[in-house]
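Chain residues, written in single-letter form:
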Amino acid sequence: MDAEFAGEVPPPTTTEPLCLKCHQYEGTLYSRSQLVCRNCFSKFISAKCVKQVGIIGKDIRNPGSGSGAESQKKKYVLGLSLGVSSSALVHLLNENVEYQLAKGRTAPFELIVVHIDPSCLYCSSDNDRGGELVEATLDRYRKRYSRFDFRLVPVSDVLNLGTVDWSTLPCSTDEAAEKGQKKPDTKQQLRELFQRLPSSTSRADILRLFTRHLLISEARQNECHALLLGHTTTALAELTLSETAKGRGFSLPWQVNDGPVAVVGYQKRDKPATTTVQIYHPLRDLLRKELVVYASELTTPSLVADLAISIPNHAASSSQQPAPVVSHKDLSIEEVMFRYFAEVEENYPSVVANVARTTGKLVRILDRHGGEEEGVVGGGNGSSEKRERCGLCSLPLDEQGDERWRGELGDDEVHQKGGGKGRICYGCERSLRG
């Protein structure tokens, strides 16, 4: 009677195999080759995420300038793709806040959840059905996680950013003005830009870069202390191989590792301004398949059933299993890697973890003053001493590597032609020109 009053439920009597962790309840799920119960599996997922959130909090010590509890409260932006991983991250952070509040403590952080909507790339100006579906889905998120601020940002807003050197792209925003024509709206400009890209890999790559720029912009505009991304171990392994295949292997430490990342502003071409943004991956110690199980079976109501959406041309990561290949013609490198690691993590999860962990050991090259590229300079005066950055992805240029791997493309055509145009890395050059 006392146990029931305390809310404790005695373990059921069963002949089924018991959980290898608690040895009390029936083991129904596998966690890293161990048969565990639903409760232990859920605790494992939460612990991995909370550990990373704690690391972020230690990295960003005393962010406020005031006094009292408010000066200690942190503010984050979370990138929501509407896929399983980023949705699970929102759920886990919400649970963490509720736990802290139940203990009588203040909320440890404020969270702005931002979804970058690419539907304008696939819908005509008079048919915005995709945007309506996304807005309806975000309303369900707002209802379920009312303590967080959910925002929808169209990908066309990237054309208003000064962190991209638009002179490096095939469709400049000033092109219409130069021809004396009426300037089209931003959505039409972006559609025309993507139509000029040579392949599906190029379109997927540029869309990912634009999404990253917009999320960083939201973090800067809202004066947030960090940008949180829902990349799992599986997603980081996919990113490692896909970026290497596209010619950006040099930049992997800046894309995969946690920490400060430089952002260059090109409003003044003769003197670009550089600032930094902290980027973290709280789910980096979890496999995607583990989050799929957690989101579909261990959340109430089920995340997958309650929030799942179906929008044409949505990111492949929102699917639990890769769809069968009908034609390889329009298959991007990202989709190839997604399909490959979906099979590998099912049969050989340690291989996925090894790829991500090995990449995580790569060290960012230091600048000539001994500080990190992100502008943490241990002396000296100017940005002229720092490594030049790509005008599109904002990652450091690998001068020797770009020349070595450029092959038949020859010298950077945009840079050769002059006219004040900036430079782009080999990976972006391939995406723009094929």
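Reading the values: rules and limits
Residues numbered from 1 in each chain as written. Predicted model: local features only at pLDDT ≥ 70, side-chain atom pairs only at ≥ 80, totals over all residues. Heavy atoms only, no water. Helix = DSSP H or I, 4+ residues; strand = E, 2+ residues; numbered from the N terminus. Buried < 20%, exposed > 50% of the residue type's maximum accessible area, 1.4 Å probe, protein only. Contact = heavy atoms within 4.5 Å. Areas by Shrake-Rupley, 256 points an atom, 1.4 Å probe, with all protein chains shown as cover. Axes fitted to C-alpha atoms, helices over the stretch in contact; angles between N-to-C directions. Parallel < 35°, antiparallel > 145°, perpendicular 65-115°, else oblique. Expected span 1.5 Å × (residues − 1). Pairing = 2+ DSSP bridges. pLDDT = per-residue confidence, 0-100. Left-handed = near helix turned anticlockwise from the far one by under 90°. Nonpolar A, V, L, I, M, F, W, Y, C, P; charged D, E, K, R; others polar. Disulfide = S-S within 2.5 Å. Phe/Tyr/Trp six-rings, centres within 6.5 Å; stacked < 30°, edge-to-face > 60°. Right-handed = clockwise from strand over helix to strand, strands pointing away. Core = buried A, V, L, I, M, F, W, Y, C linked by side-chain atoms within 4.5 Å.

Run through the overall build of the protein, naming residues and quoting values.
A count of helices and strands for the protein gives 16 helices and eight strands. For the protein, with 434 residues in total, the buried portion stands at 46%. Contacts in the protein between residues far apart in sequence, at least 24 positions, make up 67% of those at least 6 positions apart. Surface exposure of the protein reaches about 22100 Å², of which carbon and sulfur atoms provide 49%.

Can you break down the packing of helix α2 (residues 38-59) against helix α3 (residues 84-102) residue by residue, with the values?
Relative to each other, α2 and α3 sit at 80°, their axes nearing to 10 Å. One way to sum up the angle between α2 and α3 is to call them roughly perpendicular. Note on element contacts: α3 touches α2 through Leu 89, Leu 92, Leu 93, Glu 95 and Asn 96, opposite Ile 45, Ser 46, Cys 49, Val 50 and Val 53.

Can you tell me about α2, naming the residues and giving the values?
Between its terminal C-alpha atoms α2 stretches 32 Å, which fits the 32 Å expected from 22 residues at 1.5 Å a residue. Within the span of α2, buried status applies to Cys 40, Phe 41, Ser 42, Phe 44, Ile 45, Ser 46, Cys 49, Gln 52, Val 53 and Ile 56.

Could you give an account of the pairing of strand β8 (residues 273-280), with specific residues and numbers?
Inspection of the sheet shows strand β6 (residues 226-228) paired to β8 by two bridges, in the parallel sense. Along β8, the bridge assignment pairs Leu 227 with Ile 279. Taken together, the seven bridges between strand β7 (residues 259-265) and β8 define a ladder with antiparallel strand orientation. Residue pairing in the sheet places Val 263 in a bridge with Thr 275 of β8.

Please provide a residue-by-residue account of the confidence of the model for the protein, values included.
On average, residues of the protein score 80 in pLDDT, and 73% of them are at 70 or above. Within the protein, helix α1 (residues 2-5) has the poorest average pLDDT of any element, 40, and β6 the best, 97. Overall, residues 367-385 carries pLDDT values under 50, and its contacts beyond four positions in sequence, including any with other chains, amount to 30 contacts. Confidence drops under pLDDT 50 across residues 414-420; counting only partners more than four residues distant or on other chains, this segment forms ten contacts.

Would you mind going over the packing of helix α8 (residues 233-245) against helix α13 (residues 349-360) in detail, with residue names and values included?
Following both chains from N to C, one finds α8 and α13 inclined at 65°, their axes separated by 8 Å at the closest point. One way to sum up the angle between α8 and α13 is to call them roughly perpendicular. The two elements α8 and α13 meet at a crossing, and its hand is left-handed. Residues Thr 233, Thr 234, Leu 236, Ala 237 and Thr 240 of α8 form the contact with α13, whose own contacting residues are Val 352, Ala 353, Val 355, Ala 356 and Thr 359. Split by residue class, the contact of α8 with α13 holds six nonpolar, four polar and no charged.

Go over the state of the cysteines, please, and point to the residues and values.
Two cysteines joined by a covalent bond between their sulfur atoms form a disulfide. Throughout the structure, instances matching the rule amount to zero disulfides. You can see Cys 40 has no disulfide; the closest cysteine sulfur is in Cys 37, sitting 3.6 Å from it. By relative accessible area, Cys 40 is classed as buried at 12%.

So what's going on with the packing of aromatic side chains? Which residues, and what values?
This model, assessed by the stated rule, comprises six aromatic pairs. Taking the centre distance of 5.5 Å and the plane angle of 35° together, the rings of Tyr 76 and Phe 109 count as tilted. Remark: Phe 109 occurs in strand β4 (residues 109-117) and Tyr 76 occurs in strand β3 (residues 74-79); sequence separation between them is 33 residues. Relative to Phe 150, the ring of Tyr 141 lies with its centre 5.8 Å away and its plane at 50°, an arrangement referred to as tilted.

I'd like a rundown of the pairing of β4, residues and numbers included.
For β4, the buried fraction is high: eight of the nine residues fall into the buried class. Pairing geometry for β3 and β4, over six bridges, is parallel. Counterpart to Gly 79 in the pairing with β4 is Val 114. Between the parallel pair β3 and β4, the chain is carried across by α3, and the sense of this crossover is right-handed. In this sheet, strand β5 (residues 149-154) lies alongside β4 in parallel orientation, the contact comprising six bridges. Bridged to Ile 112 within β5 is Asp 149.

Tell me about the nonpolar core, and name the residues and values.
Leu 78, Leu 80, Leu 93, Leu 111, Phe 148, Phe 150 and Leu 228 are the most contacted members of the largest nonpolar core, which totals 45 residues. Elements that contribute at least two residues to this core include exactly α2, β3, α3, β4, α4 (129-144), β6, α10 (288-297) and α11 (303-307). The contact partners of Leu 78, leaving out residues within four places of it in the chain, are Ser 86, Leu 89, Val 90, Leu 93, Leu 111, Ile 112, Val 113, Val 114 and Leu 228. The next biggest cluster of nonpolar side chains, apart from the first, holds 43 residues, and it includes Val 155, Val 164, Leu 227 and Ile 424.

I'd like a description of the side chain of Gln 52, backed by residues and values.
Checked against the element boundaries, Gln 52 lands in helix α2. The class of Gln 52 is buried, set by a relative accessible area of 7%. Beyond its immediate chain neighbours, meaning those up to four positions away, Gln 52 contacts Asp 258, His 281, Pro 282, Arg 284 and Asp 285.

How would you sum up α8? Please name residues and give values.
Taking 1.5 Å of rise per residue, the 13 residues of α8 would be expected to cover 18 Å, and the 19 Å separating its terminal C-alpha atoms lies within 8% of that figure. Of all 13 residues that make up α8, ten are buried, and the element is covered over most of its length. Taken together, the buried positions of α8 are occupied by Thr 233, Thr 234, Ala 235, Leu 236, Ala 237, Glu 238, Leu 239, Thr 240, Ser 242 and Glu 243. Of the surrounding secondary structure, the elements contacted by the buried residues of α8 are α7 (200-221), α9 (252-256), α10, α12 (333-347) and α13. Within two residues after α8, Gly 247 carries a phi angle of roughly 95°, on the positive side.

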